[in-house]
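Here is how the chains run, residue by residue.
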Amino acid sequence: PGTVKAFENFNVEEDCKELRASMKGLGTNEAKIINILGKRNLEQRLEISARYKTMFGKDLIGELKSELSSNFLRLCTNLLLTIPEFLAKEMKRAMKGGGTDEIALIEILVGLDNKGIQDLRHAYKLMFGKCCLSDLVRDSEVFKNEVERDVVGETSGSFKKLAVSLLQGKRDESEEIDVQLAKEDAEELFNAGINRFGTDESRFNSILVSRSYRHLKMVFAEYKRIASEDIEKSIKTEMTGDIELGFLSVVKKIKNCPTYFAEELYKSMKGLGTDDDQLIRIIVWRSEIDLVEIKGAFQSLYAKSLSEFIKDDTSGDFRTLLLLIVG
């Protein structure tokens, strides 16, 4: 489960008035903003955002932008978007400017199920699309391909193929397992990697992207029996750079989702500096899905709580609101 629950005595009009008062006149009452945005679930926050515009004729996100700054502003405004909108915005940010944030791209693409991928594509098109409404009605493919076109333009090689494959959102989501096929898939991965000179990454791609999670867990167990090592070790040996990152992310997410995100959170804060984008992304995205389990996995892995790490690595109102969400 998530750490953020619906606020029991929710009163949307009172919250809107409180937010308005916190930003009126000289100075801003950040504590009031934190107390409301950090203690309401997504459904309630979206209701606040819609009602605020009705009551005051102003966009709440726009109001926050004129009052707040830096990471605290980004956290507050991202809490007022639906998850598909938020992740679409993150995809766009990851592909903007000079370089590409491959960590963000792959984390989003492996973290979503088929419906999540379709919702992301839909949101991306609505937010960043360049065609008119009549095109959307006439051609649903135009609708779907905007984010794919950007990904193709901003990535290359085997990583591009993996990203485009994941973007199709066509993974088998059945619970059935074909034991014989699992053995064949494990053999195929073994023969495409450590059992040959060079690596046939396309075979890894087709199996890891299309098969169901349940099936792949059996494939990974069978692979270990054949290869006498975990598939992660083989990937690290056989691949480098973005494609290594990509396939490792797929495998880790399938094996244990909370552990995968706990490791990603650790990476966002370890060493000098913080990857604030990654930290915000995981906390906001997973806050109503599995942040409780992620916290547990983090504690087990690093013998220190996620809250302690955040406390040491962030500051000010940004830290206060993050800690309130993490609970």
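*Asks:* Could you give an account of the overall build of the protein chain, with specific residues and numbers?
*Replies:* Helices and strands together make up the secondary structure of the protein chain, namely 21 helices and zero strands. In terms of its C-alpha atoms, the protein chain occupies a principal-axis envelope of roughly 70 × 55 × 40 Å. Across the protein chain, contacts joining residues at least 24 apart in sequence account for 70% of those joining residues at least 6 apart. Within the structure as shown, the protein chain displays about 15,300 Å² of accessible surface, and the carbon and sulfur contribution to it stands at 50%.

*Asks:* Which residues make up helix α2 (residues 30-37), and what values go with them?
*Replies:* Residues I33, I34, I36 and L37 constitute the buried set of α2. Those residues of α2 that are buried are in contact with α1 (12-23), α3 (42-56), α4 (60-67), α5 (70-78) and α21 (316-326).

*Asks:* Please give an account of the packing of aromatic side chains that cites residues and values.
*Replies:* Summed over the entire model, instances satisfying the criterion amount to 10 aromatic pairs. Centre to centre, the rings of F298 and F309 are 5.1 Å apart; their planes meet at 80°, and the pair counts as edge-to-face. Of the two residues, F298 is situated in helix α19 (residues 291-302) and F309 in helix α20 (residues 306-313); the sequence distance between them amounts to 11 residues. Taking the relative accessible area as the measure of exposure, F298 reaches 0% and is therefore buried. Three or more aromatic residues joined by ring pairs form one cluster here, namely Y266, F298, Y302 and F309.

*Asks:* Let's hear about the packing of helix α13 (residues 201-210) against helix α16 (residues 241-255): which residues, and what values?
*Replies:* Put simply, α13 and α16 touch, their axes get as near as 11 Å, and they point 30° apart. By the criterion of interaxial angle, the relationship of α13 to α16 is roughly parallel. Relative to α16, α13 is oriented so that their crossing is left-handed. Note on element contacts: α16 touches α13 through I243, F247, V250, V251 and I254, opposite E201, F204, N205 and L208. Considering only residue class, the contact of α13 with α16 consists of seven nonpolar, one polar and one charged.

*Asks:* Kindly report on the environment of R286, identifying the contributing residues and their values.
*Replies:* For R286, the location among the structural elements is in helix α18 (residues 276-286). Dropping the residues within four chain positions of it, R286 is found in contact with G2, G111, C257, F261, L291 and I294.

*Asks:* Give me the lowdown on the nonpolar core, citing residues and values where you can.
*Replies:* Counting residues in hydrophobic clusters, the biggest one holds 94 residues, and the most contacted among them are L64, L75, M91, F204, I283 and L306. The contact partners of F204, leaving out residues within four places of it in the chain, are L189, A192, G193, T199, I231, I235, M239 and F247.

Reading the values: rules and limits
Residues numbered from 1 in each chain as written. Predicted model: local features only at pLDDT ≥ 70, side-chain atom pairs only at ≥ 80, totals over all residues. Heavy atoms only, no water. Helix = DSSP H or I, 4+ residues; strand = E, 2+ residues; numbered from the N terminus. Contact = heavy atoms within 4.5 Å. Areas by Shrake-Rupley, 256 points an atom, 1.4 Å probe, with all protein chains shown as cover. Buried < 20%, exposed > 50% of the residue type's maximum accessible area, 1.4 Å probe, protein only. Phe/Tyr/Trp six-rings, centres within 6.5 Å; stacked < 30°, edge-to-face > 60°. Axes fitted to C-alpha atoms, helices over the stretch in contact; angles between N-to-C directions. Parallel < 35°, antiparallel > 145°, perpendicular 65-115°, else oblique. Left-handed = near helix turned anticlockwise from the far one by under 90°. Nonpolar A, V, L, I, M, F, W, Y, C, P; charged D, E, K, R; others polar. Core = buried A, V, L, I, M, F, W, Y, C linked by side-chain atoms within 4.5 Å.

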